[in-house]
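The lines below spell out each chain.
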Amino acid sequence: MYDVYKIREDFPILRKKLRGKNIIYLDNAATSQKPVQVVEAISRYYREYNANIHRSAYLLAREATQIYDEARREVANFIGCDEDEVVFVRNTTEALNLIAYSWGLNNLHNGDEIILTIMDHHSNIVPWYLICSIKKCRIKFADITDDGYLNLSHLEDLLSPKTRIISVPHVSNVLGTINDVEYIAKLAHEYNALMIVDGAQSVPHIPVNVNKLDVDFLAFSGHKMLGPTGIGVLYGKHSLLQSLNPFMGGGDMIKSVECSIGGGCRISFEYPPRRYEAGTPNIAGAVGLMEAVRYLKRVGMDNVRRHEIDLTKYTLDKLSEVSGIEIYGPKDPAHKGGVIAFNLEGFEPHELAILLDQLNNVMVRSGLHCAQPLHMRLGIKASVRASFYLYNTKEEIDIFVETLKILSRKNRM
Ligand SMILES: Cc1ncc(COP(=O)(O)O)c(C=O)c1O
């Protein structure tokens, strides 16, 4: 039995009162709240284990190294890969930049093509734009259908022998659309192209197994999945990580640095994943992420997903009673993550977000959500976004929708 009220007890911030009322946190696509288990694991790390890793012979440093390696194993097990296929980075953005610079700079050539989607987050557009301007490559954007799904036949039309990469969001951070990554990966591989997945909105919310999906790279952020900020993951297939040059250079990612006075250097790099983790990593962040993964495993990702489907269905039904509302993206919760973007007639998105907050502490995001091309495609200037997680309740949705109804009625008077 999924007990959302029991889960809520683990999240101290959800007991916080603002303006004398409970807070209603519906901005989970931006970042999630943290359970006490994660907060305590980070604190325990600093109180009991803190030392730099991979460097020192003394016992405390060996313990810190062990705990960091254990975090890598836990994350690998969570997404179904080997531990040496998990590179710790800062966040999804850094993971995607790492691929763009390590793979793109060395493998893309004049005239090559990269297929992205018009629903992509800026994190999966800007790095490719930067690399393409250096390597003289071209980005092509796959369109969406009118009901907010990825237009697969358009994506297929864009494929050509020049296609080197397909990179898509697994779940759109605005429309909530869940893309058929397994199918797109097959297409990419038929064309000998790389399949890259932005998993920022999928790994926290739906079961993800990289082997089953057969993707080449997957990027995600710890802070959106109950973990701390400053830690994220790049999964890369072993053979690919073995063949790439590092993104950043420095300590801990080299085997040997031989330089001669007045002469040059001979440098050899560590094996992956350490090759891609230059400098002292975010050890405490990895520990926090490990605890977050353990928490999600205990709840069960199937249960997290079921809860979000239930909340999304409930919200979509209730929102249909609000006059003047326009909702973007698929309306079928089975094909949608727990993300609902909308506009309410008579209100600017920012104004609406401020009113929801002021009236009932309902916290939603307003603006472009780092997806300007998608908003342009939808023909809107901005939107409001409510996004759910494992601790949200139907009572919170009731308050959210009732507040919208009051505002909509007032606007019509
Ligand atoms: C789909 C998607 N991709 C990438 C990102 C970037 O994540 P981060 O800011 O943690 O790097 C986000 C964050 O909102 C996202 O929703």
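You'll find the structure just up there.
First things first, this report covers the structure right here in the doc.

Reading guide: rules and limits
Residues numbered from 1 in each chain as written. Predicted model: local features only at pLDDT ≥ 70, side-chain atom pairs only at ≥ 80, totals over all residues. Axes fitted to C-alpha atoms, helices over the stretch in contact; angles between N-to-C directions. Helix = DSSP H or I, 4+ residues; strand = E, 2+ residues; numbered from the N terminus. Parallel < 35°, antiparallel > 145°, perpendicular 65-115°, else oblique. Left-handed = near helix turned anticlockwise from the far one by under 90°. Contact = placed C-beta atoms within 7 Å. Nonpolar A, V, L, I, M, F, W, Y, C, P; charged D, E, K, R; others polar. Buried ≥ 20, exposed ≤ 12 C-beta atoms within 10 Å, placed from the backbone. Expected span 1.5 Å × (residues − 1). Arc of directions from axis to C-beta.

It is worth spelling out the packing of helix 12 (residues 349–360) against helix 14 (residues 394–412) at this point. The description of two packed helices rests on the angle between their axes and on the distance between the axes. Relative to each other, helix 12 and helix 14 sit at 115°, their axes nearing to 10 Å. Taken together, the axes of helix 12 and helix 14 are roughly perpendicular relative to one another. As helix 12 packs across helix 14, the resulting crossing turns out to be right-handed. Together, Leu355, Leu356, Leu359 and Asn360 of helix 12 and Ile399, Thr403 and Leu407 of helix 14 make up the contact between the two elements. Across the contact of helix 12 with helix 14, the residue classes break down as five nonpolar, two polar and no charged.

Cis peptide bonds are those with omega within 30 degrees of zero, and the linkage from proline 272 to proline 273 qualifies with 5°. Tracing the sequence through the fold places proline 273 in the loop between strand 12 (265–269) and helix 10 (283–299). Look at arginine 19: it is not a glycine, yet its phi comes out positive at around 50°. As for its placement among the helices and strands, arginine 19 is situated in the loop between strand 1 (17–18) and strand 2 (21–22). With 11 C-beta atoms counted inside 10 Å, the residue arginine 19 sits in the exposed group. The backbone of asparagine 361 sits at a positive phi, close to 55°, despite the residue not being glycine. Along the polypeptide, asparagine 361 turns up in the loop between helix 12 and strand 15 (362–363). Look at asparagine 361 and you get buried, because 20 C-beta atoms sit within 10 Å.

So, about helix 2 (residues 36–49). A rise of 1.5 Å per residue sets the reference length of helix 2, with its 14 residues, at 20 Å; its end C-alpha atoms lie 19 Å apart and thus fit the reference within 8%. Here helix 2 has its buried residues at Val38, Ala41 and Tyr45. Projected onto a plane normal to the axis of helix 2, the buried residues spread over an arc of 55° and lie on a single side. For helix 2, the exposed residues lying more than 90 degrees away from the buried face are Tyr46, Arg47 and Glu48. Packed against the buried residues of helix 2 are helix 3 (59–79) and helix 10.

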